[in-house]
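Structural features, examined
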Amino acid sequence: MWDDAFPSFLIGLREGLEGGLIVSILVATLVRAEARSRLPQVWTGVLAAIAVAMSFGAVLTFTAASMPETAQEAFGGSLSVIAVAFVTAMVFWMRRSARNLSGELRQKVTGALAMGSGMLILTSFLAVGREGLETALFLWTTAQAAGESAGPLTGAAVGLVLATGLCWGLYRRVLKINLTKFFTATGVVLIVIAAGVLGYGLRDLQEGGVLPGGTAYAVDLAGSIDAGSWYSTLIQGVFNLMPTMTWLQVVAYVAYLVVVMTLFVRGVRVTTPKPEAAADGADAPEPAARRRPAWVVPAAVVAVPAVIAGLFVTLGRPKPAGDQTVAVSGTDCGKGFTAPKPGRQTFRMRNTGRQAAEVYLVDPSTNAVYGEIEGLAPGTTRDLVATVAGGTYAWRCVPANGKAVTSKPVTVAGGGAAKPVAPVSEQDLAAPLASYRTYVGKGLDTLVAQTGTLRHDIEGGHLDKARTDWLTAHRTYASLGAAYGTFEDFDQKIDGRADGLPGGEQDKDFTGFLRLEYGLWHGQSAKELTGPARRLSADAAGLRKAFPSQDFDPGDLPLRAHEILENTLRFELTGDTDEGSGTNLATADANLAGTRELLTVLEPLLTDRAPKALPTVDSDIDRVQKMLDAAHDGAHWTPVEKLSAADRQRLDGATGQLLEDLAPIPDLLEIRKSA
């Protein structure tokens, strides 16, 4: 994505041009001094600087990946702040030094020539190394902010390639660029980007618990801005400005931008660089026959940083968990498991039994779950990643048709913090299920009465009244969404779509609310609609009678917390189920009410396990509710296709955000066997 690639493109172009200018000046100085034999030493230093920068990036990536989630946030936030400091210093240094860079480097090269090859390697290494380390750090923080690495790396690669071409053109005098103006213009843009990186880094520090104010929002535009729109994505990717920002982020962003930009603009001197600074090699003699450089020193200076980084990664990797293969079966559960060190660990789980199994890493004293794998097939191996802290751990293996088996516990010494998920049993869900069954029972009583009224409207030929009463009854049914899996065949009869039926809307098996909607809004007569109305009324009564004895799986409750609105986004907000009434948004509103009711009965379980989840979800629901409220006036609802493109994007974006925040609930409240 260009929005993620642009900041890295700019840093790659600018840092690449800085480093490239330095290298070209070094090379031109040696060529003028007729010391071409020393060129391999320059390239050796350059390669060493590149190797150090790449190794530094690898170490950053590994270090972050091996930390717990909160520590990752704090680590990433700290490095983002450091990156901003480096970039700020680089912008000011290049503005100040661009005019005199050539002369300073010539003096250093002249001194290095007199002191031997080692000093020339060191000079080129130090000259390029700074840019390399800055680039690695800034790219890492940019990738963290973007949440992926492909865009930032692609942008940086394009910037570096373009910078290489520009430097070659400057060296050969095929191009003329006012470097002072170039570094001034890119400096202004980088200051704006750095302000966004600073805000992103401070947000990470807040989420990591290092800084306060994580819930004190100065800006919350998530309800009025579609987070998935192209302009929102572009602004977030390039400038790291989010629809929701805390006071600390906003104050830091504004303060950095005002102070740094003011100092930068005041210090700019529009002075054209001396021509020789851009073309030191213009009058170089024709290249003499090149000597083949010795490969040992270049190979060594490139390999040593990579080896050191590799050793750092290898020795720093948490052990021995990554080397453990742990057996999963009804007889060998946990075989091969030894006490790991604290930290983020990867365990290789191999099913040695004859049945598919679930496996959990648990605290045997509380049954709290630190990690799990579902559906591990016989004879297969999969990795389980979990964060381990000081405490007691065991494996619980649950074969598909067998009894749960718990391994011998091991004790992990040390500190750290790990957040297990408290287990949920069928008994824990018994009270929420009873409450929700009561809610559904009352809703079905209402539905029976409302479908009876609808039938009488149609039998009496009062079709205008029938359209109003149809919507009332349909909204009642839509608010019972968490139970649709329990209604068995009744759901298809009452609210089934015509999709897939041979005759479509004219098919004899097309029944229920959508069949009546089609007829009421397509001019069918009361006589034509009487049969479908009577059938709907009978099916609603049949469902009410059957419901008390229907099997309502308690595990369905957490699943429906996400699935109700997932179907809403898929069917209602696309207009896919509209048979002419244009009331999809009214149905979405009823779905939202059903979700709110479901979360109410699940609240005691969620509060204990994820106290921050419900306030976030409630805020999301309120945001979607306001958008739906704005889409109707009294009994009239705006059809989905009549919404403006911006309103539709905002509604889809807000619903998508709500779904994202609801997604963890099924995992948090999943029923897990403890014995």
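Relevant structure appears above.
Quick summary incoming for the structure in this document. (Residues numbered from 1 in each chain as written. Predicted model: local features only at pLDDT ≥ 70, side-chain atom pairs only at ≥ 80, totals over all residues. Heavy atoms only, no water.)

Description of helix α17 (residues 556-572)
Side chains that are three or four residues apart share a direction in an α-helix, a result of its 3.6 residues per turn. Convention followed: In this scheme, the bend at a residue equals the angle between the axes fitted to the seven residues that finish there and the seven that begin there. Helix and strand definitions follow DSSP, with helices as H or I runs of at least four residues and strands as E runs of at least two, each counted in order from the N terminus. Here's how the labels work: a residue is buried when its accessible area is under 20% of the maximum for its type, exposed when over 50%, partly exposed in between, all with a 1.4 Å probe on protein chains only. Whether two residues are in contact is decided by their heavy atoms, any of which lying within 4.5 Å being enough.
Of all bends in α17, the biggest is about 30°, found at histidine 562. Residues of α17 that are buried: Asp556, Leu557, Pro558, Arg560, Ala561, His562, Ile564, Leu565, Thr568, Phe571 and Glu572. Against the buried residues of α17 lie α12 (430-459), α18 (584-609), α20 (645-662) and α21 (664-668).

Concerning the pairing of strand β5 (residues 357-363)
To keep it simple, the criterion reads: Two strands are said to pair when DSSP picks up at least two bridges between them.
In terms of burial, β5 is largely enclosed, as six of its seven residues are buried. Bridging between β5 and strand β6 (residues 368-376) involves six bridges; their strand directions are antiparallel. From the neighbouring strand, valine 359 faces β6, where its bridge partner is isoleucine 373.

Section: a nonpolar patch on the surface
Defined as follows: Two distance rules govern patches: like charges are joined within 9 Å, and nonpolar side chains (Val, Leu, Ile, Met, Phe, Trp, Tyr) within 5 Å, applied only to residues with over 30% relative accessible area and no salt bridge. Areas reported here follow the Shrake-Rupley algorithm with a probe of radius 1.4 Å; residue values treat only the protein chains shown as occluding. For this analysis, a salt bridge means a side-chain nitrogen from Lys or Arg found within 4 Å of a carboxyl oxygen belonging to Asp or Glu.
A grouping of Val254, Val258, Val259 and Leu263 is seen on the molecular surface, where their side chains present a nonpolar patch of about 340 Å² in accessible area. With respect to the secondary-structure elements, leucine 263 resides in helix α9 (residues 247-267).

Some remarks on the packing of aromatic side chains
To be explicit about the condition: Two rings from Phe, Tyr or Trp (for Trp, the six-membered ring) form a pair when their centres are within 6.5 Å of each other. A pair whose planes differ by under 30 degrees is stacked, one over 60 is edge-to-face, and the rest are tilted.
Inspection of every chain in the model, using the stated rule, returns eleven aromatic pairs. Geometrically, the ring pair formed by phenylalanine 347 and tryptophan 395 is edge-to-face, given 5.3 Å between the ring centres and 80° between the ring planes. Taken together, the positions of phenylalanine 347 in strand β4 (residues 343-351) and tryptophan 395 in strand β8 (residues 391-399) put the pair 48 residues apart, joining distant regions of the chain. The pair phenylalanine 347 / tryptophan 395 is uniform in exposure class, with both members buried. When the centroid spacing of 4.9 Å and the interplanar angle of 55° are considered together, the rings of tyrosine 370 and tyrosine 393 count as tilted.

Brief notes about the packing of α17 against α20
How we decide: A fitted line through C-alpha atoms represents every axis, and for helices the fit uses only the stretch in contact; the resulting angles, taken between N-to-C directions, go from 0 to 180 degrees. Here the angle decides the label: under 35 degrees means roughly parallel, over 145 means roughly antiparallel, 65 to 115 means roughly perpendicular, and every other value means oblique. Crossing handedness follows the turn of the near helix against the far one: under a right angle anticlockwise gives a left-handed crossing, and clockwise gives a right-handed one.
At a closest axis distance of 9 Å, the pairing of α17 and α20 adopts a crossing angle of 160°. Classified by the angle between their axes, α17 and α20 sit roughly antiparallel to one another. Handedness of the α17/α20 crossing: left-handed. Note on element contacts: α20 touches α17 through Asp652, Thr655, Leu658, Leu659 and Leu662, opposite Ala561, His562, Leu565, Glu566 and Leu569.

As for a negative patch on the surface
Put simply, the rule reads: Positive charge is attributed to Lys and Arg, negative charge to Asp and Glu, and no charge count is given to His or to the chain ends. Charged side chains are reduced to one point each, which is NZ for Lys, CZ for Arg, CG for Asp and CD for Glu.
A surface patch of like charges, here negative, comprises Glu426, Glu488, Asp489, Asp551 and Asp553. Relative to the helices and strands, aspartate 551 is located in the loop between α16 (526-546) and α17. In this structure aspartate 551 comes out as exposed when scored by relative accessible area, which is 66%.

With respect to the state of the cysteines
To keep it simple, the criterion reads: Note on terminology: pairs of cysteine sulfur atoms within 2.5 Å are recorded as disulfides.
Throughout the structure, instances matching the rule amount to one disulfide. Sulfur-sulfur distance for the disulfide between cysteine 333 and cysteine 397 comes to 2.0 Å. The sign of the S-S torsion, about 85°, decides the handedness of the disulfide formed by cysteine 333 and cysteine 397: right-handed. In this pair, cysteine 333 sits in the loop between β3 (325-328) and β4 while cysteine 397 sits in strand β8, placing the two residues 64 residues apart along the sequence.

Description of unusual backbone geometry
For asparagine 367, which is not glycine, the phi torsion reads 65° and is therefore positive. The exposure class of asparagine 367 is partly exposed, given its relative accessible area of 22%.

What to know about helix α13 (residues 463-478)
Operational definition: By this rule, a helix spans an expected 1.5 Å times one less than how many residues it contains.
With 16 residues, α13 should reach 22 Å at 1.5 Å per residue; the first-to-last C-alpha distance of 22 Å fits that figure. Those residues of α13 that sit buried are Leu463, Ala466, Asp469, Trp470, Leu471, Ala473, His474, Thr476, Tyr477 and Ala478. Each element contacted by the buried residues of α13 is listed here: α12, α14 (489-495), α15 (512-520), α16, α18 and β12 (636-637).

Side note on the sheet that holds β4
Sheets are built from strands paired through backbone hydrogen bonds, the pairs being either parallel or antiparallel. With mixed pairing, three strands are arranged side by side in an open sheet as β3-β4-β7. The sheet is open, and its two borders are formed by β3 and β7 (381-388), each paired with just one other strand. Each strand axis lies, on average, 40° off the axis of its neighbour in the sheet, ignoring direction. In terms of strand pairing, β3 meets β4 through four bridges, oriented parallel.

Focus on the pattern of salt bridges
In this structure the tally under the stated criterion is 15 salt bridges. Across the pair aspartate 469 and lysine 465 runs a salt bridge, and its minimum N-O distance is 2.7 Å. Taken together, the residues span about one helical turn, with aspartate 469 and lysine 465 both in helix α13 at a distance of four residues. Given the relative accessible area of 15%, aspartate 469 is considered buried. We classify lysine 465 as partly exposed; its relative accessible area is 43%. The partner of aspartate 556 in a salt bridge is arginine 560, with the nearest N and O atoms 3.4 Å apart.

Description of the side chain of arginine 396
Note the following rule: In protein, a polar contact means a hydrogen-donor-capable atom and an acceptor-capable atom, both N or O and within 3.5 Å, with residues adjacent in sequence counting only if both atoms are side-chain atoms; elsewhere, any N or O pair within 3.5 Å suffices.
One can find arginine 396 in strand β8. The buried charged residue arginine 396 lacks any salt bridge partner; its closest oppositely charged side chain belongs to aspartate 363, at an N-O distance of 8.6 Å. A polar atom in the side chain of arginine 396 sits 2.9 Å from the side chain of asparagine 367. A polar contact is formed between the side chain of arginine 396 and the side chain of threonine 406, at a distance of 2.9 Å.

Overview of the packing of α18 against helix α19 (residues 613-629)
How two helices sit against one another is set out by the angle between their axes and by the gap between those axes. Basically, it comes down to this: For this scheme, ten residues count as nonpolar: Ala, Val, Leu, Ile, Met, Phe, Trp, Tyr, Cys and Pro. Four count as charged, namely Asp, Glu, Lys and Arg, and the remainder, Gly too, count as polar.
Relative to each other, α18 and α19 sit at 165°, their axes nearing to 11 Å. It follows from the interaxial angle that α18 and α19 lie roughly antiparallel. Remark: the crossing between α18 and α19 carries left-handed chirality. Together, Leu585, Ala588, Asp589, Leu592, Arg596, Leu599, Glu603, Leu606 and Thr607 of α18 and Leu614, Val617, Ile621, Asp622, Val624, Gln625, Leu628 and Asp629 of α19 make up the contact between the two elements. Here the contact of α18 with α19 is built from residues that sort into ten nonpolar, two polar and five charged.

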